[in-house]
Amino acid sequence: FVSNERTDMPIIVEVLKEFKPDVISSDISLPVGNGYVLIKKNCSLDEVNGFYQKVIAMPAHADLEDRVRILASGFDEDIFKSVAWLELSKLIKSTI
């Protein structure tokens, strides 16, 4: 298990050019950029590199419309930030 924590979307995109995790978890609201733009840029990198990571959105809150937008934008799963770590661990294991 390797963790690489970054908070700004442009930095995350640069890191993902070299660092290829099996699973990415991302907030929707980032200090610079957002999770929707991140997923689009990551999918573009995947197409170029032939590598696909599972991506889990971790919003602070979301209603049904938000969840539909999250999944439609390319995230594989979504889970609230306040969820117990055990649940997050199970979700990550189920995606890889």
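In case you missed it, the structure is sitting above this.
In what follows, the accompanying structure is described. Bear in mind the structure is a predicted one, so any value in this text is a computation, not a measurement.

One pass over the full model with this rule turns up 1 salt bridge. When the shortest N-O distance is used, the salt bridge between D78 and R67 registers 2.6 Å. You can see D78 sitting in strand 3 (residues 77-78) and its partner R67 sitting in helix 3 (residues 64-72), a full 11 residues away along the chain.

Turning our eyes to something else, we now look at the nonpolar core. Note on soluble globular proteins: their nonpolar side chains tend to be buried together. Judged by nonpolar contacts, the single largest core of 14 residues is most densely connected at I28, L38, I70 and F75. If you list the elements that add at least two residues to this core, you get helix 1 (9-16), helix 2 (35-49) and strand 2 (54-57). At 4 residues, the largest contribution of residues to this core is made by helix 1. Setting aside residues no more than four positions away along its own chain, I28 makes contact with N34, G35, Y36, A57, P59, I70 and F75.

What counts and what doesn't
Residues numbered from 1 in each chain as written. Predicted model: local features only at pLDDT ≥ 70, side-chain atom pairs only at ≥ 80, totals over all residues. Heavy atoms only, no water. Salt bridge = Lys/Arg side-chain N within 4 Å of Asp/Glu carboxyl O. Helix = DSSP H or I, 4+ residues; strand = E, 2+ residues; numbered from the N terminus. Core = buried A, V, L, I, M, F, W, Y, C linked by side-chain atoms within 4.5 Å. Buried < 20%, exposed > 50% of the residue type's maximum accessible area, 1.4 Å probe, protein only. Contact = heavy atoms within 4.5 Å.

Take it as geometry only, folks, not as evidence of what the structure does.
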